[in-house]
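Observations on the model geometry
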Amino acid sequence: NLASIYFQLDDFEKSLEYYNKCLEIEIKLNNQNGIAATYYNIGNIYREKKYISVALEFYFKSRDLFDQLKNNNHKTTLAIGEVYFELKDYEKALEYFDLELIKKKDLDNKEGISTALNRIGNVYLQLKKYQKSEECFLRSLEIADRSDLIHQKKSNYESLYKVYKELKNFKK
């Protein structure tokens, strides 16, 4: 849709304009999944514009609506965790990444599980808990490898490099 295209082009004002129009339509249609997805997308715009509190507001609206609908097949919880990670609130980030992991395990969503484990590993890396970090990255890598998730494999190899560099373990 146009909103998504403008987002990809970094024209956040136009993207926001079209997502707001989309939101009006979803509300008129009473499409709850569409409303939740649009809240998420609007949150992404505000996150890109560095309006973090507004982004979180939309992410929470999205997450709450998805939860009411018992729909765990979304990335809103992950996005909330990523915002807290960017704010260096690692405990909150870990809380939301753990929730994301549970949701994706319930769906047997391999990509979601691998992503959540990678994000959890990054939290532990920042907390200098290198063994836990390594365990998460290796579990994520194993899933990514079995599921042929190329981008996840790359991300985990890069993350493992950081762990081994911190541990001065250059053999691995």
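Preceding block: the structure.
In this report, the structure presented in the accompanying data block is examined. (Residues numbered from 1 in each chain as written. Predicted model: local features only at pLDDT ≥ 70, side-chain atom pairs only at ≥ 80, totals over all residues. Heavy atoms only, no water.)

Time to look at unusual backbone geometry. With a phi angle near 65°, K88 is a residue other than glycine that sits in the positive phi range. Counting through the fold element by element, K88 comes out in the loop between α5 (76-86) and α6 (90-107). On the accessibility criterion, K88 (61% relative accessible area) is exposed. One non-glycine residue, K128, adopts positive backbone phi at about 60°. (Helix = DSSP H or I, 4+ residues; strand = E, 2+ residues; numbered from the N terminus. Buried < 20%, exposed > 50% of the residue type's maximum accessible area, 1.4 Å probe, protein only.)

We now examine a nonpolar patch on the surface. Residues L2, I5 and L9 make up a contiguous nonpolar surface patch of about 300 Å² in total accessible area. Topologically, L9 is positioned in the loop between α1 (2-8) and α2 (12-29). (Patch = residues over 30% accessible without salt bridge, like charges linked within 9 Å, V, L, I, M, F, W, Y side chains within 5 Å. Areas by Shrake-Rupley, 256 points an atom, 1.4 Å probe, with all protein chains shown as cover. Salt bridge = Lys/Arg side-chain N within 4 Å of Asp/Glu carboxyl O.)

This part covers the nonpolar core. By size, the foremost hydrophobic cluster in this structure holds 38 residues, and its most contacted members are I42, Y59 and I120. Listed by contribution, the elements that provide at least two residues to this core are α1, α2, α3 (32-48), α4 (52-68), α5, α6, α7 (110-126) and α8 (130-146). (Core = buried A, V, L, I, M, F, W, Y, C linked by side-chain atoms within 4.5 Å.)

All right, on to α5 then. Counting buried residues along α5, 9 of its 11 residues qualify, which places the element largely inside the surrounding structure. Where α5 is concerned, the buried positions are T76, T77, L78, A79, I80, G81, E82, V83 and Y84. Those residues of α5 hidden inside the fold are in contact with α3, α4, α6 and α7. (Contact = heavy atoms within 4.5 Å.)

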